[in-house]
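Single-letter residue listing:
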Amino acid sequence: MRIRESIRISWRAITGHKLRSTLTTIGIVIGIGSIIAFMVLGGAFEEDVLGGFDTEDQTLVLVQTQGEVDGGFGFQTFSDPIYTQNDVEAIERIDGVEFVDPDGTIPASQVRRGSETTVSFTVRIAKPASFSKNVSGSFVAGEAFADEGEAVIDTELAESLGGNVSVGEEIRVTFTDGTRRSFTVSGIYAAENQAPGTGTSVYVPADPYYNVTVDTHRGTEAIAYSSLTVWVDSIEDLSAVQSAADEYFHSGESDAEHLVDDDKQIAVQTFDALLAQVGEIFDQVTIFIAGIAGIALLVGAIGIANIMIVSVTERTREIGIMKAVGARQRDIVQLFLVEALILGIIGAIGGVMLGIGTGYLLVGYAGFPMIYPIDWIVIAVFVGIGVGIVSGLYPAWRAARVDPIEALRRE
Amino acid sequence: MARTDRGGERTGTGVVAARNVSRTFFLGEPVHALRDVTLTLEEGSFTAVMGPSGSGKSTLMNLLGCLDTPDQGTIEIDGRSVGDLSGAERARLRGREIGFVFQTFNLMPRLTAAENVSLPMVFNDVVDADRRERARTLLERVGLGDRLDHAPNELSGGQRQRVAIARALANEPTLILADEPTGNLDSETGREIMDLFDELHAEGRTILMVTHERHIAERADRIVTLVDGQLERIEDVSDVVPSGPTVLDDRDAPTEPDGGEGA
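Residues numbered from 1 in each chain as written. Chains lettered and ligands numbered in written order. Predicted model: local features only at pLDDT ≥ 70, side-chain atom pairs only at ≥ 80, totals over all residues. Heavy atoms only, no water.

### Focus: the overall build of chain A
Line of reasoning, step 1. A tally of helices and strands in chain A yields 13 helices and 17 strands.
Line of reasoning, step 2. Taken over C-alpha atoms, the radius of gyration comes to 32 Å for chain A, far larger than the 22 Å a tight globule of 411 residues would show.
Line of reasoning, step 3. Once the C-alpha set of chain A is aligned to its principal axes, its extents read approximately 100 × 50 × 35 Å.
Line of reasoning, step 4. Looking at the 411 residues of chain A, the share that counts as buried comes to 48%.
Line of reasoning, step 5. The long-range share in chain A, meaning contacts at least 24 apart out of those at least 6 apart in sequence, stands at 78%.
Line of reasoning, step 6. Of the roughly 19,200 Å² that chain A leaves accessible, carbon and sulfur atoms contribute 56%.
Line of reasoning, step 7. The distance from the centre of the 26 positive side-chain charges to the centre of the 54 negative ones in chain A is 26 Å. (Helix = DSSP H or I, 4+ residues; strand = E, 2+ residues; numbered from the N terminus. Rg over C-alpha atoms; globule rule 2.2 N^0.38 Å. Buried < 20%, exposed > 50% of the residue type's maximum accessible area, 1.4 Å probe, protein only. Contact = heavy atoms within 4.5 Å. Areas by Shrake-Rupley, 256 points an atom, 1.4 Å probe, with all protein chains shown as cover. Lys, Arg positive; Asp, Glu negative; His and termini not counted. Charge placed at Lys NZ, Arg CZ, Asp CG, Glu CD.)

Below is the structure:
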């Protein structure tokens, strides 16, 4: 029997039971649709967080403390102050390193600008040169601080403080230790893309405000930072600096490796590597959620199988007629498989459309950039077709075994 | 079409034959549906099979129609022994060599008249254009040239049976097997259907018809009577005195499907 004929006859059977076929297909549509929607949403979120970084042009190596997340995916970074001034100087001696910008926060409770105040902000230390080295950020007004008593605020903080902050204005920061200081705003900085939790900040020079100290294994007391941003002269030096710094922090010479907790590691990564690591976690989470959505697909598959079995029972007489006029077992199998296949394909196409549509709406609502997960769409279509075939196999086999004598005798 | 290769030399041995055929069903105890039946159908012959319910008529039809295989003996169609064939080959043979006409019509409900007639050709891999042309010709032949695209439920009983007859002719079969073809029809429509069978007979087609009704059976060349799975007698119709339209066995109302044996 020609495949075209099977398609024609099967299509007739499908359209002959429109409601039933529709309900069957809905199972697949929802299954595949939810997988695609999650993939769109996950991909868009990842794109939103990571996509704006010009990873290729960032000439920096990050030294951070990382550890496992309890019972979850991936890793988290810790801000324990373990990188001492001694370590900073050691890294700065590596060939190709332009300078090291130690990162740390100064605990603060409130920032005030005139009558506007906010409590949700962070005071970070920075080196003036870091602002110009960062290719994904720029000053919207002013410039980096040059002296003690000056500070850079980012656009988010400027917004929190009523907006329209101009260079030269005063802000007052209340630190957790009770001291209050006034800063003159030297510049307002916009980072095109920021990792979650780094926005809404005041940037001040480390000296004289940052004074977190630790006791080193050498018996001395030293200022220590949460992480280090190592700026490199040129992109060519990046990997050499990365491996040299990595070696230093695992050589036994650094203070940090003696201070780091046993369950945490010192990670020395290029920006690219860090983003890849984060991206991997996003993928894992997305796949995990889509896997749960896959249960819906399984239910859809069972639905198809169930409907097909009912359909075989209902059409026993028709199967008998077809056998009487010369249909072989394989013709009958073909007919029912094609029917299941058509349901699977329709379900897959509908699911992809539903998934992209839902994803588009959710992504638009969340303000993420829209992405089209082509690879997952292709996978989903094949899964739909596979689900159709697998769930059609048993009913088709049952149909092929119908005894035409019995079938024709039925009323 | 497919039948042009058939030579006349087989006329002597019969184009379809059952030789010493037995068929036993096991339903708690063995039921001998057929016992050592030998029947030869000459090319162009019209044979009626009569007998009470449970006499083996349907079993004989199923065997000759390649829906079933005998426990003993052989079924030969156009010189080929059916017993040696695989299931798929038997299905093929059935599609090409046998045209079924049933009491309950057995049309595919979702296919149009023309598509129903085409169905045996679909399974025989006849190309689409030829199929459509032939379906049209056959439906015109049975007087339904204006009903090609009607669904079975848009046709009367007599029209449905005509579609079924057209379908039976689709692959130019060696044998037309008709099981109570007038059983579900009123007597007037039944007569029209029998006229159609007469015409097919006159065209030289080989027909075997199972019936309860003597007056229907008497339109055949000869009447084979089965009793308890055995051949009771074979009468040439020209030898017997025509009788009125009486029912042979009042236990079998003609509207009831013949489902005694094997059920």
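### A word on the pattern of salt bridges
Line of reasoning, step 1. With the rule as written, the count across this model stands at 35 salt bridges over all chains.
Line of reasoning, step 2. With its nearest N and O atoms 3.3 Å apart, the salt bridge here joins Glu314(A) to Arg20(A). Placement of the pair is Glu314(A) in helix 9 (residues 271-314) and Arg20(A) in helix 2 (residues 18-50), with a sequence separation of 294 residues.
Line of reasoning, step 3. On the accessibility criterion, Arg20(A) (18% relative accessible area) is buried.
Line of reasoning, step 4. The partner of Arg113(A) in a salt bridge is Glu169(A), and the shortest N-O contact between them spans 2.7 Å. One end of the pair, Arg113(A), is in strand 6 (residues 108-113); the other, Glu169(A), is in the loop between helix 5 (155-160) and strand 11 (170-175), and 56 residues separate them in sequence.
Line of reasoning, step 5. You can call Arg113(A) buried: its relative accessible area is 15%.
Line of reasoning, step 6. A cluster of three or more residues bridged by salt bridges with shared partners is formed by Arg4(A), Glu5(A), Arg8(A), Arg12(A), Glu115(B), Asp128(B), Arg131(B) and Arg132(B). (Salt bridge = Lys/Arg side-chain N within 4 Å of Asp/Glu carboxyl O.)

### Here's the deal with the confidence of the model for chain A
Line of reasoning, step 1. Per-residue pLDDT for chain A has a mean of 86; in total, 95% of the residues score no lower than 70.
Line of reasoning, step 2. Least confident of the elements in chain A is strand 2 (residues 75-78) of chain A, whose mean pLDDT is 81; most confident is helix 10 (residues 316-324) of chain A, at 92. (pLDDT = per-residue confidence, 0-100.)

### Here we look at the interface of chain A and chain B
Buried accessible area, meaning the area lost when the parts come together, often serves as the stated size of an interface.
Line of reasoning, step 1. Tallying the contact residues gives 28 residues for chain A and 34 residues for chain B.
Line of reasoning, step 2. Carbon and sulfur atoms supply 58% of the area buried between chain A and chain B, which totals about 2,700 Å² over both sides.
Line of reasoning, step 3. The three residues of chain A that bury the most area against chain B are Val325(A), Arg328(A) and Arg409(A), which together make up 21% of that side's buried surface.
Line of reasoning, step 4. Counting across the chain A and chain B interface gives five salt bridges.
Line of reasoning, step 5. A salt bridge links Asp128(B) to Arg4(A), with the shortest nitrogen-to-oxygen separation between them at 3.5 Å.
Line of reasoning, step 6. Linking chain A with chain B are nine residue pairs in polar contact (both at pLDDT 80 or more), by the criterion used here.
Line of reasoning, step 7. Counting only elements with at least two residues in the side of chain A that touches chain B, the list comes to helix 1 (3-16), helix 10 and helix 13 (404-409) of chain A. (Buried area = accessible area lost by both parts, 1.4 Å probe. Polar contact = N/O pair within 3.5 Å; in protein donor to acceptor, adjacent residues only side chain to side chain.)

### Things to note about the packing of helix 2 of chain A against helix 12 (residues 374-400) of chain A
All names here are of chain A.
Line of reasoning, step 1. Two elements in contact, helix 2 and helix 12, have axes whose closest approach is 10 Å; the angle formed by their N-to-C orientations is 160°. On the basis of the axis angle, helix 2 is roughly antiparallel to helix 12. With respect to the hand of their crossing, helix 2 and helix 12 are arranged in right-handed fashion. For the pair helix 2 and helix 12, the contacting residues are Ile 28, Ile 32, Ile 36 and Met 39 in the first and Trp 376, Ile 377, Ala 380, Gly 384 and Val 387 in the second.
Line of reasoning, step 2. Here the contact of helix 2 with helix 12 is composed, by residue class, of eight nonpolar, one polar and no charged. (Axes fitted to C-alpha atoms, helices over the stretch in contact; angles between N-to-C directions. Parallel < 35°, antiparallel > 145°, perpendicular 65-115°, else oblique. Left-handed = near helix turned anticlockwise from the far one by under 90°. Nonpolar A, V, L, I, M, F, W, Y, C, P; charged D, E, K, R; others polar.)

### Structural notes on the sheet that holds strand 10 (residues 230-236) of chain B
The pairing of strands in a sheet comes from backbone hydrogen bonds and takes either a parallel or an antiparallel form.
Residue and element names in this part refer to chain B.
Line of reasoning, step 1. Across the sheet, six strands lie side by side as 6-7-8-3-9-10; this open sheet has mixed pairing. The sheet is open, and its two borders are formed by strand 6 (98-101) and strand 10, each paired with just one other strand. Taking each pair of neighbouring strands and ignoring which way they run, the sheet shows an average axis angle of 20°.
Line of reasoning, step 2. Relative to strand 8 (residues 206-210), strand 7 (residues 175-179) is paired through five bridges, and the arrangement is parallel. Bridging from a neighbouring strand, Leu 177 pairs with Leu 208 of strand 8. (Pairing = 2+ DSSP bridges.)

### With respect to the environment of Phe183(A)
Residue and element names in this part refer to chain A.
Line of reasoning, step 1. Inspection of the secondary structure puts Phe 183 in strand 12 (residues 180-191).
Line of reasoning, step 2. The class of Phe 183 is buried, set by a relative accessible area of 0%.
Line of reasoning, step 3. Considering only alpha carbons, one finds Phe 183 and Pro 205, 22 residues apart in sequence, at a separation of 11 Å.
Line of reasoning, step 4. Other than its neighbours up to four places away in sequence, Phe 183 contacts Gly 149, Glu 150, Ala 151, Glu 169, Glu 170, Ile 171, Val 173, Phe 175, Val 204 and Tyr 209.

### Examining unusual backbone geometry
Line of reasoning, step 1. Following Asp207(A), the chain continues into Pro208(A) via a peptide bond in cis, with omega recorded as 10°.
Line of reasoning, step 2. Relative to the assigned elements, Pro208(A) resides in helix 6 (residues 206-209).
Line of reasoning, step 3. A positive phi angle, close to 55°, is found at Asn164(A), a residue other than glycine.
Line of reasoning, step 4. In this model, Glu172(B) sits at a positive phi of 50°, which is unusual for a non-glycine residue.
Line of reasoning, step 5. As for its position among the elements, Glu172(B) is in the loop between helix 5 (157-168) and strand 7.

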